[in-house]
Amino acid sequence: WTAAAASTDGLSAARAARRGGRVRDRGARERGAHDFDTNLVVEAGAGSGKTSLLIEHVLCQMLARGLDVDGFAAITFTEKAAAEMRKRLASALAELAELAGKRVPPEQVGEATEAMRAYRWLSLAQSPESIADTAKRRLASIVAAEVSTIHGFCAGLLRRFPLEAGVDPRFS
């Protein structure tokens, strides 16, 4: 998954929900969050919800398709952004487990967070017990997720496969 199509209206789904407004690109966002078989591209300005959409997409993949934390890579430009993405993913998994653990009816859940949107969608096909169990297991292993910069991702590959890459196994 490359990314998801979204408009450049500059208003994230979360901000629109908090303001009680409508998101103009709801269909594109839903496709980006739930279409796992198509490569899509996000083209949107700062603050428009690109990271939020990516988090929702990963949450839905983890629970709908059984995606484990070692089954995806989230690559960003800076260490700060990578740390923020990992933190947001962990927070969303915890919130998802909490919603499911409390058996909150999906129709009573808003759309202000990635976890809320994912819970509403996942509840169409999964029991709250299943959602809570999987979210807790993914949260427990989140430290193993590949969330890094392109430099960090490439260095990790070289460390895992130094001989195949033709580099000294002790490189730093």
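All values reported here derive from a predicted model rather than from experimental measurement.

*Asks:* What am I meant to see in the packing of helix H3 (residues 50-64) against helix H5 (residues 114-122) here?
*Replies:* The angle between the axes and the distance between the axes are what describe a pair of packed helices. The contact between H3 and H5 brings their axes to 9 Å, and the two run at 35 degrees. Judged by the sense of rotation from one axis to the other, the crossing of H3 with H5 is right-handed. Contact residues: Ser52, Ile55, Glu56, Leu59, Cys60, Leu63 and Ala64 in H3; Glu114, Ala115, Arg117, Ala118, Trp121 and Leu122 in H5. Among the residues making up the contact of H3 with H5, the classes are represented as 9 nonpolar, 1 polar and 3 charged.

*Asks:* Before we go on, may I ask you to explain the nonpolar core in this structure?
*Replies:* A general tendency of soluble globular proteins is for nonpolar side chains to be buried together. Leu59, Met62, Phe72, Leu89 and Leu96 are the most contacted members of the largest nonpolar core, which totals 33 residues. For this core, the secondary-structure elements that each account for two or more residues are H3, helix H4 (79-101), H5 and helix H6 (128-140). Residue contributions to this core peak at 10 residues, all from H4. Met62 has contacts with Leu67, Val69, Phe72, Leu89, Leu93, Thr134 and Arg138, leaving out every residue within four places of it along the chain.

Thresholds applied
Per-chain numbering applies: the sequence of each chain, read as written, is numbered from 1 onward. Thresholds applied to this predicted model are a pLDDT of at least 70 for local features of residues and 80 or more for the giving and counting of side-chain atom pairs; totals over whole chains, interfaces and linings are not thresholded and use all residues. Excluded from the side-chain calculation are hydrogens and water; included are all heavy atoms of the structure. Only the stretch in contact is used when fitting a helix axis, every axis being a line fitted to C-alpha atoms; angles between N-to-C directions are given from 0 to 180 degrees. Segments assigned H or I by DSSP are reported as helices when at least four residues long, segments assigned E as strands when at least two residues long, and all are numbered from the N terminus. Working rule for handedness: look at the near helix, and if it is turned counterclockwise from the far one by less than a right angle, call the crossing left-handed; if clockwise, right-handed. It only takes one pair of heavy atoms within 4.5 Å for two residues to be counted as in contact. Polar here means any residue other than Ala, Val, Leu, Ile, Met, Phe, Trp, Tyr, Cys and Pro, which are nonpolar, and Asp, Glu, Lys and Arg, which are charged; Gly is therefore polar. Take the buried residues of types Ala, Val, Leu, Ile, Met, Phe, Trp, Tyr and Cys, join any two whose side-chain atoms come within 4.5 Å, and each joined set is a nonpolar core. Burial classification: accessible surface area is computed with a 1.4 Å probe over protein chains only, and a residue below 20% of its type maximum counts as buried, one above 50% as exposed, and the rest as partly exposed.

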